[in-house]
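Commentary on secondary and tertiary structure
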Amino acid sequence: MIANPIIRRYRFSQLRPQQAWVFGGVYVAVVLLVLFINSSIYRYGQAYLTATHLYKGLFVQFAILEIFLLWLLCPANCSTVVAREIADKSFDFFRMLPLSAAKKAVGILIGRNLFCLLVAGVNLAFCLLFAFGGELSGQFIVQMLMILAALTLALNLLALMFSILNYKKTKNTSIPVLLVIGLFAFGPVMGGLIDSIGTQKLETTTAYFYTFEAPVLYLIAFCALFVAFWAYIGVLRRFTYEYEALFSRTGSGLFMLTYLVMLGGLFYVYLLEANDPDPARVFWMLGLLPAAVVPLFAIRGFDRYLETSRTAHRVEGLFGRLLIHSNLTGGLMLFVIWLAFAIAAGVTARADAAELLWLAMIAFSALLVIWALVETTAVWQPRNEKIGYLLGFLAVLYIVLPFILGGIFENEMMYLFSPLGVVNVFDSHYSAPILLMPIFFNLICLLPLGILIAKRYFDLVAIRTQIEHTQDMSPRLGS
Amino acid sequence: MGILQLNALRKEFSSLVAVDDVSFEADSGQVIGLIGPNGAGKTTLLRMLATLLPPTDGTAVICGADLRKKPLLIRRSIGYLPDFFNLYPDLTLRECLDFFARAYHIPSSEVAGRVEAALKTVALDSKKHSLIRHLSRGMVQRLGLATLLVREPTVFLLDEPASGLDPMARIQLRDILRRLAREGKTIIISSHILSELAGFCTHLAIMNRGQLVMYGSVEDIEQQIAGQQAVRVKVLGEATQAEAVLREIEGIEIKTADDGTFTLICPGGPEAVAQVNRRLVAADIPVVELARQKTSLEDLFMTLSVEKNMHIS
């Protein structure tokens, strides 16, 4: 690991004696303060009745510190790496390093947090020491370690991934914000930890993944590892294909598939309880999320359309070919995957088929509008770089305005016209004509967008036709 | 096959064509001066070759690797120095070069020696333990060059490497580049200081508005200049009569005419100049001054910028 040049590079700066002594001194001071305060409470106060209670209390506090180091400070460091390189004007050198994407990713994750990880390692030793002293169960300790590791990976990889997506030229870290978040979260997290240690509920609480029963903390760790895996794939892709979207067509489909498989695993047992329609509904709605969000990270730019038109063998059928390669089709693919799982979930839960049908139709029409806004941005951006702002504003309006109008006119039916309001299909008792209205509204919204998109496709067809015509003419001119 | 082959390389940004179908080849040991006004596309071209910008169209092969298909392989063979850059301010010079050496797979046993040698070459060995943030602009520029020297790639792409350097450092830079060329390295160097480039480049590539206006060896370009030399003629008396005589001479182009002083373009060398003299004397026009003007690289650049693409093999 030390052979990784990026880790080595950060080792020089992070472990420079002047810096290490200062931050190390701060940590030592915090540790001594915590020990002093708690031992004083034990000796003179009444909060700790026995030494076991004292150790449990110390465990909680050092666990909070561990969480702060690994879940707040480390991700904050990861989130500013690329921005810092750009601001320092050294990013070109970083990009040109002949290191694999994996080496770059690991180098940043570990190297940038080297000092933090060393302190966290020492702190973890304190946690384990006080955990044993507080006679906490081995099962609880193992589960906590799992959660700690899994969420650390997930949060740091997500932070790194978003830092690569967003090349803002700023050096400012979000440490002050994190401190505020930490202060507010301190109480609830501490309370939760104390409670779980006291009642020993958490480590014995189980949940199901399909038919497999496991402690809930393991399942949370598994979900975190799922997020970490895809964030890692995203990081590798951005480091390798710098100018491509985060998701490829295949990647977005695979993500949707694995996401729904995982979601299905968490909901399976509840779907089997056929007397309650809510699990199926929640599954449907959570399953729809990627269909709306993933296309935003899988946008194919106009360059790809130009390439498609150039590489097509003939002009005939080019319009259709452009449509197949478009962002619209990408979104449609995700929806089809969702629909298959939604039907399976509905059958398993013996849910109301009509409810699913209306949900699917309204959601599909709403998603079409969103995908069409994305597609319009992609194909018109070369002509007008700022068009994304206008269409983004229209998207926000499209989502929010029905709620505003519904509030003003005190008519909940208007919520159906927003993509977020599609949940009103459930238990709504709306008649079919009412439920058809948002679909027609969305189709009307699609009309101008469709015209704009088609215009650009036809522009490409015209250019290609002209090129072919010129090539056909050349031999005749020469002869 | 040359070390570097560009074939109709093109880069478009929305409606702007920054690099317009640029093609040329370069062999090992060649130093190519890339010159052109601001906005000519020099930096864009270099960044494409450095694999930092994907081309819109066209191809390039560098050290046998295709630019589009094997950028990682190309990165191992090239060294790119941007026009505006900085290096890691929290590292010392030695640590920075150590990082680059190891990142470019220099064997551990050789790293320390190469770092020392590179620092010595750019005259920064006395500052090896200083933090980069404490260096001046010129020192950072030299350190940037050192990051390339420590690993000595096959191809050097240098974008305004002399900017920020004092005259002594510029001379040192020239010596370094000459040594690298003797060792068989291929160097593409862009600069606004044409006289500097003419001193040690083997080839020149002149760009304007994204197009390669002219490319060739320095000798060939100089011959081209000689063939298009300018002649200054000053006459007494009736300027219009003199102008009429000059216009009758075949092949002569009157570039400027100002109250009896003419600047002529005379293709054909000394014979053409003698012809001008004979015709003016025969027409009884007193010639006060007749001198050949040595066309500098700047003049050539200004002239060629407005002409069509010209290629000299």
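Residues numbered from 1 in each chain as written. Chains lettered and ligands numbered in written order. Predicted model: local features only at pLDDT ≥ 70, side-chain atom pairs only at ≥ 80, totals over all residues. Heavy atoms only, no water.

**Describing the sheet that holds strand β2 (residues 16–26) of chain B**
One key point about sheets: their strands pair by backbone hydrogen bonds, in either a parallel or an antiparallel sense. Residues and elements named next belong to chain B. Across the sheet, which stays open at both edges, the four strands sit in the order β2-β1-β4-β5 with antiparallel pairing between neighbours. The open sheet is flanked by β2 and β5 (65–66), the only strands paired with a single partner. Looking at chain direction, strand β1 (residues 4–13) and β2 are connected through seven bridges and run antiparallel. Across the sheet, the residue bridging to leucine 4 is alanine 26, located in β2. Its contacts with the sheet place helix α1 (residues 42–49) against β1, β2 and β4 (57–62), and it is angled at close to 120° to β1. (Pairing = 2+ DSSP bridges. Helix = DSSP H or I, 4+ residues; strand = E, 2+ residues; numbered from the N terminus. Contact = heavy atoms within 4.5 Å. Axes fitted to C-alpha atoms, helices over the stretch in contact; angles between N-to-C directions.)

**Observations concerning the packing of aromatic side chains**
All names here are of chain A. Overall, the coordinates contain 34 aromatic pairs over all chains when judged by the stated rule. Here the aromatic rings of phenylalanine 59 and phenylalanine 140 are separated by 6.2 Å at their centres, their planes lie at 65°, and the arrangement is edge-to-face. With phenylalanine 59 in helix α3 (residues 51–79) and phenylalanine 140 in helix α8 (residues 138–165), the pair connects residues that are 81 residues apart, well separated along the chain. Across the pair, phenylalanine 140 and phenylalanine 59 agree in class, each one buried. Linked through ring pairs, Phe226, Phe229, Trp230, Phe247, Phe255 and Tyr259 together constitute an aromatic cluster. Residue placement shows lysine 104 over the ring face of phenylalanine 94; its charged tip is 5.1 Å from the ring centre. The cationic tip of arginine 456 hangs over the ring face of phenylalanine 302; the distance from NZ or CZ to the ring centre is 4.3 Å. (Phe/Tyr/Trp six-rings, centres within 6.5 Å; stacked < 30°, edge-to-face > 60°. Buried < 20%, exposed > 50% of the residue type's maximum accessible area, 1.4 Å probe, protein only. Lys NZ or Arg CZ within 6 Å of the ring centre and 35° of its normal.)

**What about the environment of proline 54 of chain B?**
On the secondary structure map, proline 54 of chain B appears in the loop between α1 and β4. Proline 54 of chain B gets classed as partly exposed once you look at its relative accessible area, which sits at 31%. The sequence separation of proline 54 of chain B and arginine 68 of chain B amounts to 14 residues, and the corresponding C-alpha distance is 7.4 Å. Residue contacts for proline 54 of chain B: discarding those within four places in its chain leaves Tyr243 of chain A together with Lys11 of chain B.

**Things to note about the sheet that holds strand β14 (residues 287–293) of chain B**
All names here are of chain B. Across the sheet, which stays open at both edges, the four strands sit in the order β12-β13-β11-β14 with antiparallel pairing between neighbours. Strand pairing shows two members of the sheet lacking a second neighbour, β12 (253–258) and β14, which therefore form its edges. In this sheet, neighbouring strand axes are inclined to one another by 15° on average, regardless of whether the strands run parallel or antiparallel. Sheet topology places strand β11 (residues 230–235) next to strand β13 (residues 261–265); five bridges connect them, and they run antiparallel.

**Here we look at the domain arrangement of chain B**
Assigned domains of chain B: these are domain 1 (4–217) and domain 2 (229–294). Between domain 1 of chain B and domain 2 of chain B, the C-alpha centre-to-centre distance is 46 Å. (Domains from an automatic or database assignment.)

**Thoughts on the confidence of the model for chain A**
Residue and element names in this part refer to chain A. The share of residues in chain A with pLDDT of 70 or more is 91%, and the mean pLDDT across the chain is 87. No element of chain A has a lower mean pLDDT than helix α9 (residues 175–199), at 67, and none a higher one than helix α7 (residues 114–133), at 95. In this model residues 474–479 is a low-confidence stretch, pLDDT under 50, and it forms zero contacts with partners more than four residues away in sequence or in other chains. (pLDDT = per-residue confidence, 0-100.)

**Some points on the pattern of salt bridges**
Residues and elements named next belong to chain A. Under the counting rule described, the total for this entry stands at 26 salt bridges over all chains. Note that aspartate 459 and arginine 383 form a salt bridge whose closest N and O atoms lie 3.5 Å from each other. With aspartate 459 in helix α18 (residues 432–478) and arginine 383 in the loop between α16 (353–380) and α17 (387–408), this residue pair connects regions lying 76 residues apart in the sequence. With relative accessibility at 17%, the residue aspartate 459 sits in the buried group. The exposure class assigned to arginine 383 is exposed, which follows from its relative accessible area of 52%. (Salt bridge = Lys/Arg side-chain N within 4 Å of Asp/Glu carboxyl O.)

**Details of the packing of α3 of chain A against α7 of chain A**
All names here are of chain A. Contact geometry of α3 with α7 gives a least axis separation of 8 Å together with a crossing angle of 160°. Accordingly, the angle class assigned to the pair α3 and α7 is roughly antiparallel. The hand of the α3/α7 crossing is left-handed. Note on element contacts: α7 touches α3 through Cys116, Leu117, Val119, Ala120, Asn123, Leu124, Phe126, Cys127, Phe130, Ala131 and Gly133, opposite Thr52, Tyr55, Leu58, Phe59, Phe62, Ala63, Leu65, Glu66, Leu69, Leu70, Leu73 and Cys74. In the contact of α3 with α7, the residues fall into 19 nonpolar, three polar and one charged. (Parallel < 35°, antiparallel > 145°, perpendicular 65-115°, else oblique. Left-handed = near helix turned anticlockwise from the far one by under 90°. Nonpolar A, V, L, I, M, F, W, Y, C, P; charged D, E, K, R; others polar.)

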